[in-house]
Amino acid sequence: MSALRTVLGEAVAAAFAAEGVDASAVRVTASDRPDLADFQSNAALSLAKAAGANPRDLAGRVAARLEGDPRLAAVDVAGPGFINLRVADGTLAARAAEVASDLHRTGAAAVDEPRRVVIDYAGPNVAKPMHVGHLRSSIIGESLKRLFRFRGDTVWGDAHFGDWGFQMGLLIVACADEGRASAFMIDGDGPFPAESPVTLDDLERLYPAAAARAKEDAGFRDRARKATAELQAGRAGYRALWAHFVAVSRGALQREFGALGVTFDLWNGESDADPLMPEMIAHLEATGLLVEDDGARVVHVARPGETRKKKLADGSVVEAPSPPPLLVISSEGSAMYGTTDLATILDRRKSLDPDLILYVVDERQAEHFEQVFRAAHLAGYAPEGSLQHLGFGTMNGPDGKPFKTRAGGVLKLHDLITMATDKARERLREAELGDDLPAEEFEDIAHKVAVAALKFADLSNARTTSYVFDLDRFTSFEGRTGPYLLYQAVRIKSLLRKAAGQGVSTGSIAIAEPAERDLALTLDAFEQAVDEAYAKRAPHLLAEHAYRLAQSFSKFYAACPVLVAPDAAARSSRLALAEAALAQLETALDLLGIETPERM
């Protein structure tokens, strides 16, 4: 059986068609008045005019055709033509049993036509520590990767390092000026030292100092630009030094990603597209797309006659091309971010041949990706619609601005995770949870609670919106939080262990009580949540379902005692509902990248 909304939608559409009405747009949705009905259809309101009928009369005729359907306990018409549907208890029981019997998919089907998908997320830079600005991309990208795989797609998650731009030239020159990299400064093919001349701490100190100096010192800036061009041109000593930068940074990045439960199939960087640069440049030249522009080389991506309004520094507004050209080669001869992004598309096309590439990157990069995507379409590297930028809002402080430390600096991701874990540990002790557990297990639970707090706080918001960071609220075991969901999952696990200890096993599901109906309907709604989250690239819809499911189970648990149910059949039925709820809740949480502990 498919989701009830689907099968009932088909039944209602057939009834409208039998009345001679075009039923292609007929839909059934969950009722906004659950006290009156489980599902509803408003189709009569929109279709009556074309059918030359009164909406309520048309709805009445459709309702009459649905009467007697064994899947429905009641059909009635409300207001100007709303069709209300109440599902029969037996139908609900059958659907709940179907969900319970599939503890892997828990009621959500796979797609009919799987695709090959690359998800580009995180985008950390070599030599820079990960900070809170990387949090949303990592969390959202990881969730989408899991969701698309769950739906049946073949998916590659790519970290896509920033390892090939101007910051590399800055570091090379900064190391040389400190006398750290003399052995790498010589011409020729080496050999060069196998031991890194820098640590992560060195890189974290050198880069910001070099970036600041480049803004003030034109000579230093020019040397760094030259070093960048020579690195990209293949100078052996610079390549060897750069490899140490990458290796040192990658170790730290893997630590931070691992702490968040974020993994990648590809640890590629901008540099991995470098071998394709000559081929790509030659192709862009041959097709006439690459043109000279004030000493640089660009691809014009604006369509003929396409303009936008641009505000100048003096406040005046002028018409300008929309969007501006993609800068491919700078006047110094260096490849730019857009160049490597374009070459990466070509590389992925050749090596993976994906149907879809999703870029989970800050909304503020929208224009950059529009330029790159248009250039890729013009060059024939990707079909229209196969490249999508999934922008997102920012995590803000109480002042509504991007979150900073108290001192006004950018908070490192490692420090954020530590803060959250400390707060989770405090919350657990306040609630007297885990007091009797070994210290090692308690610490593991505290980390899981911290990650759940951070991830759910992020993913429960629509991707495109910003939100305010509030660690006290995020780590609460009450309300719409990750820790609350973990607590409900652990609660069900405890129930199942007690049932096993008492010899109670699951059995046939029967629906009799209102709380049982509510839980069965919520279990049924998972397929819709998964389908819409997948179609809209919107993990918050999964988060909403997980929270509704936890609430529904909590009400069921209070209203329908399991182990002290009036008879063995009721105990087995309710235990089966509880087990199905746990499986679906853990599935939803896993799609959000949240791991549940066994106990607290």
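The structure presented is a predicted model; accordingly, all values stated were derived computationally and were not measured. (Residues numbered from 1 in each chain as written. Predicted model: local features only at pLDDT ≥ 70, side-chain atom pairs only at ≥ 80, totals over all residues. Heavy atoms only, no water.)

Caption draft 1: Structural context of the overall build of the protein chain. From N to C terminus, the protein chain includes 20 helices and 15 strands. If one aligns the C-alpha atoms of the protein chain with their principal axes, the spans along those axes are about 85 × 70 × 45 Å. In the protein chain, which comprises 600 residues, the proportion classed as buried is 53%. A separation of at least 24 residues holds for 74% of the contacts in the protein chain among residues at least 6 apart in sequence. If you sum the accessible surface of the protein chain, you get close to 26,000 Å²; carbon and sulfur atoms cover 51% of it. Mean positive and mean negative side-chain charge positions of the protein chain (67 and 85 charges, respectively) differ by 3 Å. (Helix = DSSP H or I, 4+ residues; strand = E, 2+ residues; numbered from the N terminus. Buried < 20%, exposed > 50% of the residue type's maximum accessible area, 1.4 Å probe, protein only. Contact = heavy atoms within 4.5 Å. Areas by Shrake-Rupley, 256 points an atom, 1.4 Å probe, with all protein chains shown as cover. Lys, Arg positive; Asp, Glu negative; His and termini not counted. Charge placed at Lys NZ, Arg CZ, Asp CG, Glu CD.)

Caption draft 2: Structural view of the environment of Ala240. Tracing the chain through its elements places Ala240 in helix H9 (residues 236–260). Each C-alpha atom of the pair Ala240 and Phe192 lies 6.8 Å from the other, and the pair is 48 residues apart in sequence. Sequence-distant contacts of Ala240, that is, excluding residues within four places in its chain, are made with Phe184 and Phe192.

Caption draft 3: Just the pairing of strand S8 (residues 296–299), in detail. Pairing analysis gives four bridges linking strand S7 (residues 290–293) to S8, with the strands arranged antiparallel. By the bridge assignment for S8, Leu290 is matched with Val299. Here S7 folds back onto S8 in antiparallel fashion, the turn holding two residues, of which Asp294 has a positive phi close to 55°. (Pairing = 2+ DSSP bridges.)

Caption draft 4: A look at the sheet that holds strand S4 (residues 82–87). The strand order across the open sheet built from four strands is S1-S2-S4-S3, with neighbouring strands paired in antiparallel fashion. Both edges of this open sheet fall to strand S1 (29–30) and strand S3 (72–78), since each of them pairs with a single strand only. Summarising the sheet, S3 and S4 pair through six bridges and their orientation is antiparallel. By the bridge assignment, Asp76 is partnered in S4 with Asn84.

Caption draft 5: The packing of aromatic side chains, seen in detail. By the definition in use, this model includes 18 aromatic pairs. Between Tyr359 and Phe369, the aromatic rings sit 5.1 Å apart at their centres with planes inclined by 45°, giving tilted as the arrangement. Of this pair, Tyr359 sits in strand S12 (residues 356–360) while Phe369 sits in helix H12 (residues 366–379), and the two are ten residues apart along the sequence. Exposure class is identical for Tyr359 and Phe369. Each is buried. The structure contains a cluster of three or more aromatic residues connected by ring pairs, namely Tyr121, Phe161, Phe257, Phe264 and Trp267. The ring of Phe150 carries Arg105 above its face, with NZ or CZ at 4.2 Å from the centroid. (Phe/Tyr/Trp six-rings, centres within 6.5 Å; stacked < 30°, edge-to-face > 60°. Lys NZ or Arg CZ within 6 Å of the ring centre and 35° of its normal.)

Caption draft 6: Broad picture of the environment of Pro438. Considering the arrangement of structural elements, one finds Pro438 in the loop between helix H13 (413–430) and helix H14 (439–459). Distance from Pro438 to Asp153, taken between C-alpha atoms, is 40 Å for residues 285 residues apart in sequence.

Caption draft 7: View of the packing of helix H17 (residues 514–524) against helix H19 (residues 540–559). Contact pair H17 / H19: the axes reach a minimum separation of 9 Å and the direction vectors enclose 160°. Put simply, H17 runs roughly antiparallel to H19. Of the two possible hands of crossing, H17 and H19 adopt the one that is left-handed. Contact with H17, carried on its side by Ala515, Glu516, Asp518, Leu519, Thr522 and Leu523, involves His545, Arg548, Leu549, Ser552, Phe553, Lys555, Phe556 and Ala559 of H19 and no other residues of that element. Broken down by class, the residue content of the contact of H17 with H19 amounts to seven nonpolar, three polar and four charged. (Axes fitted to C-alpha atoms, helices over the stretch in contact; angles between N-to-C directions. Parallel < 35°, antiparallel > 145°, perpendicular 65-115°, else oblique. Left-handed = near helix turned anticlockwise from the far one by under 90°. Nonpolar A, V, L, I, M, F, W, Y, C, P; charged D, E, K, R; others polar.)

Caption draft 8: Highlighting the nonpolar core. Ranked by internal contacts, the top residues of the largest apolar core, which has 136 residues, are Phe16, Leu66, Leu85, Leu416, Leu428 and Met600. Look past the residues within four positions of Leu66 in its chain and what remains in contact with it is Ala11, Val12, Ala15, Leu72, Val75 and Leu85. If you look at the next biggest cluster of nonpolar residues, it comprises 33 residues, including Trp156, Ala335, Tyr359 and Phe373. (Core = buried A, V, L, I, M, F, W, Y, C linked by side-chain atoms within 4.5 Å.)

Caption draft 9: Representation of unusual backbone geometry within the structure. Residues Gly190 and Pro191 are joined by a peptide bond in cis, for which omega reads 15°. Here Pro191 shows up in the loop between helix H6 (166–177) and helix H7 (200–216). In the Ramachandran plot, His160 falls in the positive-phi region, its phi being about 50° despite a non-glycine side chain. Within the fold, His160 resides in the loop between strand S6 (154–158) and H6. Its identity as a non-glycine residue notwithstanding, Glu432 has a phi of 55°, on the positive side. Along the chain, the position of Glu432 falls in the loop between H13 and H14. Since its relative accessible area comes to 63%, Glu432 is described here as exposed.

Caption draft 10: Focus on the pattern of salt bridges. Counting across every chain of the model gives 49 salt bridges. Notably, a salt bridge pairs Arg180 with Asp202, separated by 3.3 Å at the nearest N-O pair. Of the two residues, Arg180 is situated in the loop between H6 and H7 and Asp202 in helix H7; the sequence distance between them amounts to 22 residues. Accessibility expressed as a relative area gives 29% for Arg180, which makes it partly exposed. A salt bridge links Arg225 to Asp222; the nearest nitrogen and oxygen atoms lie 4.0 Å apart. Taken together, the residues span about one helical turn, with Arg225 and Asp222 both in helix H8 (residues 218–233) at a distance of three residues. Relative accessible area serves as the criterion here: at 32%, Arg225 is assigned to the partly exposed category. With a relative accessible area of 44%, Asp222 lands in the partly exposed category. A single network of salt bridges, built from pairs that share partners, joins Glu142, Lys145, Arg146 and Asp590. (Salt bridge = Lys/Arg side-chain N within 4 Å of Asp/Glu carboxyl O.)

Caption draft 11: The arrangement of the sheet that holds S8 in detail. Pairing is antiparallel in the open sheet, where three strands are placed in the order S7-S8-S11. Among the strands making up the open sheet, the edge pair consists of S7 and strand S11 (326–329). Taken over all neighbouring pairs, the strand axes of this sheet differ in orientation by 45° on average, direction set aside.

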